[in-house]
Amino acid sequence: MSVEKTERMNQLYDYYQGLLTDKQRQYLDLYYREDYSLGEIAENLGVSRQAVYDNIHRSEQTLTHYEALLQLVHSEELRQKAYQSLNDYVSRHYPTDRALQRLVEQLFLIDND
């Protein structure tokens, strides 16, 4: 499995885990967070490797579907890029304006609370 896919699934999981069933959360936690193999999950839960694979695959599709509908991760990525651009602009064009820099920091902190 690619690092990019793991990172993406972890991002989606962070945002949408509350919309998953307990079973889906358990499988995804073991697979993506604890780095268990399909075989290890199957053995620990007393199910077949195929059952684990199917559950994880469906859960990934569910997370992807939620993101397509709600776009929470996409919106957060856009906000982070905008904050970074604003911060870069202020730092470059107003390097001595501490009040403006504090306002940008406060804006970032408010949104990330």
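Residues numbered from 1 in each chain as written. Predicted model: local features only at pLDDT ≥ 70, side-chain atom pairs only at ≥ 80, totals over all residues. Heavy atoms only, no water.

1. A look at the pattern of salt bridges
Phase 1 of the analysis: Applying the stated criterion across every chain, the model contains five salt bridges.
Phase 2 of the analysis: The partner of Asp14 in a salt bridge is Arg33, with the nearest N and O atoms 2.3 Å apart. In this pair, Asp14 sits in helix H1 (residues 3-16) while Arg33 sits in helix H2 (residues 22-33), placing the two residues 19 residues apart along the sequence.
Phase 3 of the analysis: Residue class for Asp14 comes out partly exposed when judged on its relative accessible area of 46%.
Phase 4 of the analysis: Across the salt bridge formed by Arg25 and Asp22, the nearest N and O atoms sit 2.2 Å from each other. Here Arg25 pairs with Asp22, and both are found in helix H2, just three residues apart, close to one helical turn.
Phase 5 of the analysis: We classify Arg25 as partly exposed; its relative accessible area is 22%. (Salt bridge = Lys/Arg side-chain N within 4 Å of Asp/Glu carboxyl O. Helix = DSSP H or I, 4+ residues; strand = E, 2+ residues; numbered from the N terminus. Buried < 20%, exposed > 50% of the residue type's maximum accessible area, 1.4 Å probe, protein only.)

2. A closer look at the nonpolar core
Phase 1 of the analysis: By size, the foremost hydrophobic cluster in this structure holds 17 residues, and its most contacted members are Leu28, Ile41, Val52, Ile56 and Leu63.
Phase 2 of the analysis: Contributions of two or more residues to this core are made by H1, H2, helix H3 (38-45) and helix H4 (49-70).
Phase 3 of the analysis: Looking at which element gives the most residues to this core, the answer is H2, with five residues.
Phase 4 of the analysis: Once residues lying within four places of it in the same chain are set aside, the contact partners of Leu28 are Tyr13, Leu20, Arg33, Ile56, Ser59 and Leu63. (Core = buried A, V, L, I, M, F, W, Y, C linked by side-chain atoms within 4.5 Å. Contact = heavy atoms within 4.5 Å.)

3. Comments concerning the packing of aromatic side chains
Phase 1 of the analysis: Under the criterion given, the structure shown has five aromatic pairs.
Phase 2 of the analysis: Ring plane angle 80° and centroid distance 5.0 Å describe the contact between Tyr31 and Tyr32, whose orientation is recorded as edge-to-face.
Phase 3 of the analysis: Assessed through its relative accessible area of 17%, Tyr31 is described here as buried.
Phase 4 of the analysis: When its relative accessible area of 9% is taken as the criterion, Tyr32 is described as buried.
Phase 5 of the analysis: Within the aromatic cluster, the residues linked to one another by ring pairs are Tyr15, Tyr16 and Tyr66. (Phe/Tyr/Trp six-rings, centres within 6.5 Å; stacked < 30°, edge-to-face > 60°.)

Honestly, it's all geometry; don't read function into it.
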